[in-house]
Amino acid sequence: MAFTIENITSVQLLSDLTLSPDGSKLVYRVTPSLKTGLHQTASLWYSPDTSEADSARQLTSGLYNDGSPAWHPNSTDLYFLSDRHSPGASSQLYKYSLDRPGEPSLLNDAFKDKKCRVEQFRISPDGHYVAFLSADEPTLEEENKAAQKDDARIWGERKGHARLRLYTASTGNLRTLVEDNRHVVSCTWRPDSKELLYLLSDRPDLEAQYQIATLYVVSILPPSSTPQTKFLINLPRVPSSDVIWPSPSHPDLYMTQSYQPHNIVDALAVHRFSPVKADPPSSPCHLDSSCFYLGENEDALSLVDLQSKGGEFAVGVSSGMDTRVDILNGAGKVFTLFGTNRCAGFRVFDVKKVGHEYVMACVLSSGPKKAPPNIWIGRVYGSQNLMLTTKLSSHSPWVANHKLGSIEVFEWKGEDGVPLQGMAFFPQVTDPSGIKEPLPTILDIHGGPYGRDTPDLSPFFLAWQPMLAERGFLVLSPNYRGSSGRGHAFARAAYHGVGTIDWSDVNGMVNEAVRRGLADKDKLAIGGWSEGGYLTAWGVSQTKNKFQCGVVGAGVTDWGSETTESDLPDFEADLGGAAPWIGSAAKLTGDPIRHVKDVETAVLVLHGESDVRVPVGQGIGFHRGLKRMSKYPDRHTLVVYPREGHIFSERKHAEDMMKRVIEHYEAWLK
């Protein structure tokens, strides 16, 4: 058995992948999915020759928290963020010259004693500057008050917001470009390195990022003068991607926002804006009502600026069960560079264009092929489909010892006839002719709701499917209405829609498996985390005894209180049916806690005590209701994990949680 608790909780996550400008080298971040010490750690890995298979090797020690690597245009110098000056302290900016011996060094000595972290940095296309974001250092008075625990907070106060700053490589000079009394969220270079775009929100907290954001441009020249800023546009909220400025000859900017920009709950699409048509600052927030690319039937993932003369950029596309990368320019789609074919999945990728050659690397995994996430790369000349031909890394080799059966796409229809898709993880069978009788079956539901299950295989302590399939269960993971990959109408169904068509879709998948003779109707279970936890709570409250057991992980059970307490109140209100403070117009009809009477299903409730996304009261309240109103009160258990947020970070807690999940399902289904 490969998917043991020990193997899963020791897995390392691959992220921050970036190709050198000439495509010959690659660096990425390797992070333990769970921490065992006081501080998060991560290492950088490096392929010095991307044409050579298995060439990736560890570059930094892993003793510190290294991340966000970026290449200088010379393809030799690497910049990244790290706390190596003081483990566990705020991350600062480091430089590593890979063509000569030595250790990484702080970009400037001024970073050495900084208490505020560098939040983001961007190297100018000509390599002469580094723009970065950081808050002002605390004053002596603020430090004294903190030491004395005189730290009362005014809710919503504009405090700790990041400034836009500039480092000049030739002189080592640091200067602040933007000192607005708002938070700088991100910045982007103009292709000629003379100006910077920057995005402002009211405050640094997540709640503010769902409110109006403003895009400006600032000139960095001449360096001795006061920077000149220009207003560009008010946006409904902070974009889901960085704003990119891909063409040196055209002023158009691109970003990912909701298909209909004012919607919070919607599919993501690529939008275009021209600074030449900038409105006055008093103008209402808007983008063109018709988006530039995607959003109607497929969804945008992320954007990559190719920094090519033709102004090309790459967009990741979520399309049903598949993922692809399209190349675009100002006229629209040029061609599809790469796509999966129901046999793999990826989220992290990078693309470079070197002359007429396209180079793409990604973190690819495959459920059908039982292949864990690793770095793959391919090249193609001209506008053709690319094949990923070279595997650069060999992480998670233990997956090869798996005891899994087939992992495949599962299709059924919703109650309204809409075609639906999900993933099915089958247990390994000893009989070569296949399954002879219906299997104990677990409905494992993804979170979001704007997420999806694809044919990937990414070991993680919240991805229970392979762990449970190895233990003899059929595991079904539905992409219900509200998920990504199917465009506007599919995603928008979640708006004021929780507990309606989403539940019908989820329930329909297990019903179809029963109809086909795959699932044992007398041995059914249901579980999930976050939105999957909500749908589990809703499912057991509606069906009462259809499922023998359920696992509610960090799930919403009362949408009114969730909206008042969550760190994303506007988002939660859009899902749950509006905020309770609007009075009788709030359509809060999807609360599981109101329907716990006579529930027979045995429910295990799991929650992090410090969860600010779905506060722990959601789990406590649901458990109290089950204990008082269900048919068998002694069947229910609540486990609360100290210090944990919405996604756990401590290994011992994750191990305990997974052990309880396995024991709960096995106790009721076997």
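Residues numbered from 1 in each chain as written. Predicted model: local features only at pLDDT ≥ 70, side-chain atom pairs only at ≥ 80, totals over all residues. Heavy atoms only, no water.

Strand order in the open sheet formed by four strands is β19-β20-β21-β22, and the pairing between neighbours is antiparallel. Each end of this open sheet is capped by a strand with a single partner; those strands are β19 (299–305) and β22 (332–339). Here the strands of the sheet are splayed against their neighbours by 30 degrees on average, with no regard to which way each runs. (Pairing = 2+ DSSP bridges. Helix = DSSP H or I, 4+ residues; strand = E, 2+ residues; numbered from the N terminus. Axes fitted to C-alpha atoms, helices over the stretch in contact; angles between N-to-C directions.)

Moving on to the packing of helix α5 (residues 501–515) against helix α6 (residues 531–543). Running from amino to carboxyl end, α5 crosses α6 at an angle of 80 degrees, the nearest separation of the two axes being 11 Å. Taken together, the axes of α5 and α6 are roughly perpendicular relative to one another. Residues Asp502, Trp503 and Val506 of α5 lie in contact with α6, whose contacting residues are Tyr534, Leu535, Trp538, Gly539 and Thr543. Looking at side-chain class alone, the contact of α5 with α6 contains five nonpolar, two polar and one charged residues. (Parallel < 35°, antiparallel > 145°, perpendicular 65-115°, else oblique. Contact = heavy atoms within 4.5 Å. Nonpolar A, V, L, I, M, F, W, Y, C, P; charged D, E, K, R; others polar.)

Evaluated as defined, the whole model comprises 36 salt bridges. A salt bridge links Asp136 to Arg165, with the shortest nitrogen-to-oxygen separation between them at 2.8 Å. In this pair, Asp136 is assigned in the loop between β10 (129–135) and α2 (140–147) and Arg165 in strand β11 (residues 162–168), connecting sequence segments 29 residues apart. Given a relative accessible area of 36%, Asp136 falls into the partly exposed group. Judged by relative accessible area, Arg165 falls into the buried class, the value being 13%. (Salt bridge = Lys/Arg side-chain N within 4 Å of Asp/Glu carboxyl O. Buried < 20%, exposed > 50% of the residue type's maximum accessible area, 1.4 Å probe, protein only.)

Sheet architecture is open: four strands sit in the order β23-β24-β25-β26, paired in antiparallel fashion. Strands at the two margins of the open sheet, each flanked by one partner only, are β23 (345–354) and β26 (390–391). Summarising the sheet, strand β24 (residues 357–366) and strand β25 (residues 371–381) pair through nine bridges and their orientation is antiparallel. Paired with Val363 across the bridge in β25 is Ile375.

This part takes up the packing of aromatic side chains. Summed over all chains, the structure comprises 22 aromatic pairs. Joined through ring pairs, the aromatic side chains of Trp464, Trp529, Tyr641 and Phe648 make up one cluster. One cation-aromatic arrangement involves Arg84 over Tyr94; the distance from NZ or CZ to the ring centre is 6.0 Å. Between Arg635 and the ring centre of Tyr632, over which it is positioned, the NZ or CZ distance is 3.9 Å. (Phe/Tyr/Trp six-rings, centres within 6.5 Å; stacked < 30°, edge-to-face > 60°. Lys NZ or Arg CZ within 6 Å of the ring centre and 35° of its normal.)

The next point concerns the side chain of Thr441. Counting through the fold element by element, Thr441 comes out in strand β29 (residues 439–445). At 2.8 Å, the side chain of Thr441 forms a polar contact with the backbone oxygen of Leu439. Setting aside chain neighbours within four positions, we find Thr441 in contact with Leu474, Leu476, Val510, Leu518, Ala519, Asp520, Lys523, Leu524, Ala525 and Leu669. (Polar contact = N/O pair within 3.5 Å; in protein donor to acceptor, adjacent residues only side chain to side chain.)

So, about the environment of Ser561. Topologically, Ser561 is positioned in helix α7 (residues 559–565). Sequence separation of Ser561 and Pro580 is 19 residues, and the distance between their C-alpha atoms is 8.1 Å. There is a polar contact of 2.9 Å between the side chain of Ser561 and the side chain of Gln618.

Of note, the bond from Gly448 into Pro449 is cis; its omega dihedral lies within 30 degrees of zero at 5 degrees. As for its placement among the helices and strands, Pro449 is situated in the loop between β29 and α3 (465–469). The phi dihedral of Leu294 falls on the positive side, at around 70 degrees, and the residue is not glycine. Along the chain, Leu294 turns up in the loop between β18 (268–273) and β19. In this structure Leu294 comes out as buried when scored by relative accessible area, which is 12%.

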